[in-house]
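Understanding the architecture of this molecule
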Amino acid sequence: DDADKDPNGEIPALVKTSDGQLHKIRDRTKLIALTSPEDYMGIPDVLHLPNVTESSLLHALRLRYNRDEIYTCAGPILMSVNPYKTIKLSNGDELYSEERMLLYRNTTTNFGSGSSGTNGTNELPCHLFQVADRAYNSLISSAVSNEMEPHIEEEDALLMMDKSHEQKRKAHHPINQSVIISGESGAGKTEATKKIMQYLARVTKEKAPIKPKVGSDDGPSTTSSLEDRVLSSNPLLESFGNARTLKNDNSSRFGKFIKISFDTHTGSIVGATISNYLLEKTRITTQVDGERNYHIFYQIFSGADEATLANLKLEQGIESFRYLGKRAQLKSRRDATAYVETIACLSQIGLSESEIGSVLGILSAVLHCGNIDFEVSKDDDHGEKAQITDVSLESLKIACSLLGLKEEKVKEAMLTKLLSVGGKTIHKPQDVGQASDKRDAFAKLVYSSLFVWLVNRVNATLASGDDQLDDSEQVFSPV
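Reference entry: report on the structure contained in this document. Sequence order sets the numbering: in each chain, residues are counted from 1 along the sequence as written. The predicted origin of the model limits local features to residues at a pLDDT of at least 70 and limits the giving and counting of side-chain atom pairs to 80 or more, whereas totals for whole chains, interfaces and linings rest on all residues. With hydrogens and water excluded, all non-hydrogen atoms of the structure serve as input to the side-chain values.

**Side note on the overall build of the protein**
Helix and strand assignments come from DSSP, with helices taken as H or I runs of at least 4 residues and strands as E runs of at least 2, each series counted from the N terminus. Along its length, the protein carries 16 helices and 15 strands. Expressed as a percentage of its 479 residues, the buried residues of the protein come to 43%. Residue contacts follow a heavy-atom distance rule, with two residues in contact if any of their heavy atoms lie within 4.5 Å. The long-range fraction of contacts in the protein, counting pairs at least 24 apart against all pairs at least 6 apart in sequence, stands at 63%. Each accessible area is a Shrake-Rupley result for a 1.4 Å probe, and residues are judged covered by the shown protein chains and nothing else. Accessible surface for the protein amounts to roughly 26200 Å². Of this, 51% is attributable to carbon and sulfur atoms. Residue exposure (1.4 Å probe, protein chains only): buried if accessible area is under 20% of the type maximum, exposed if over 50%, otherwise partly exposed.

Structure, rendered in structure tokens:
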């Protein structure tokens, strides 16, 4: 009816969904009728819908989500909706248990078909493990395939005479595989990455050769399992590179590319490397209300014993440090257990007790650096020359002591700027704002350098020790 239309020509309506909820829509003419049985089922592969539209796709996702079926296929693509809770299967099993991992092993022929119901079969439901298994199988099978590349018939004689082509055919050059995980903040990218890595580590662990333990002379030795070391890199990088935001309690504030290498003969993991980029440095010094700095700072205050806190000069608590917003209520109950896990991961990648102490000392130095305050110098009438306040000189002293730097040198770097004029070097005094910016820039540099160093140490621990494997025997699957 034209009388019901608004000035934009739309007809608003109030609709009731199957779960009993009422929703106001702007234009009822855009409602799509449910015409087939599949529209009411929430089928596991949306490509099997009679009419694939944005509305029908979202409707299928909604139906499955309400049944705690968070994974839905779109052909070879897997869509997931974050449930923000632990999912239990109807038989009581965990969704990511080891039994489920083994159940999905070698099930790529069923990928995209989803769960039982649409075609009368009892195929496994859509799952992250299917994605991981498909990539792994494609990786290994490509290395043992004997098929030659397609060519026209007239080329046969030339190919027979081309010895290099025959050598390439026998070499079975593998085809690397990639798993791309994308989504908005809070969609579950970090968790999905961990689950895929856990699957790859589990299904290849039995194939890995036993190697001697590694470790520093003055510290504990790490496990001989490369797979365990690959997995230990996840919580470690989360502690130093993840933070609580308004949308996500464990948001990754840096990008990473994880490359896992496999032996094509045994199928076992032989090494891994992690490339990081775009660490959010501004979070080190400032956070908006309701958000936190990186997890590791809160873990120290929640999990370290009194002796450790005293050595780091952190007895005052979170509320005493500018870079933590001076808000003690931002601690969480998980921080204490996460601290124990982080220290264990540092040991797992081969850090000695003294090296772990140095890492904690650098983190403490960053916090003390943030407590350095500036004021207008008493002998400056123009307000263009800053000096460190008497109260915060102790913070400068502690930060320099923990970093092994000379106090006067750091003080000079913050309060002056070097200018080269006519071949001469001039020390230009900084005002309060400029000195504060240099203090923050220094803290960002220290933390980001520590983060890069940790990634390099992780990569050194995960690097392949199998020098006997040439390029044709190693393939990789990046996540």
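**Some words on the pairing of strand β14 (residues 424-429)**
Pairing between two strands requires that DSSP report at least two bridges joining them. Two strands pair when backbone bridges link them, and strand β13 (residues 416-421) and β14 are joined in this way by 6 bridges, in the antiparallel orientation. Each residue of the ladder has a partner; that of Lys417, found in β14, is Lys428. In textbook terms, the turn of a hairpin is the stretch between consecutive antiparallel strands, and for β13 and β14 this stretch comprises 2 residues, one of which, Gly422, has a positive phi near 60°.

**Notes on the nonpolar core**
Joining through side-chain atoms within 4.5 Å is the link that ties buried Ala, Val, Leu, Ile, Met, Phe, Trp, Tyr and Cys residues into a set, and such a set is a nonpolar core. Among the nonpolar cores identified, the biggest contains 84 residues, and Phe240, Phe297, Ile300, Leu363 and Tyr447 are the most heavily contacted of them. In terms of residues, this core owes the most to one element, helix α16 (residues 432-462), which gives 10 residues. Each residue touching Phe240, except ones within four places of it in the same chain, is listed here: Tyr294, Ile296, Thr342, Val359, Leu363, Tyr447, Leu450, Phe451 and Leu454. By size, the runner-up hydrophobic cluster in this structure holds 5 residues, among which are Ile43, Val46, Ala60 and Ala74.

**Some points on the packing of helix α13 (residues 353-370) against helix α14 (residues 393-403)**
Axes here refer to lines fitted to C-alpha atoms; in helices the fit is confined to the stretch in contact. Angles between the N-to-C directions go from 0 to 180 degrees. Relative orientation of the contacting elements α13 and α14 amounts to 155°, with a least axis distance of 8 Å. It follows that α13 is roughly antiparallel to α14 by the angle criterion. By crossing handedness, the relation of α13 to α14 is classed as left-handed. Listed contacts from α14 to Gly361, Ile362, Ser364, Ala365, His368 and Cys369 of α13 are Ser395, Ile398, Ala399, Leu402 and Leu403. In what follows, roughly perpendicular refers to angles from 65 to 115 degrees, roughly parallel to angles under 35, roughly antiparallel to angles over 145, and oblique to any angle outside these ranges. Two helices cross in a left-handed way if the nearer one is turned anticlockwise from the farther one by less than a right angle. They cross in a right-handed way if the turn is clockwise.

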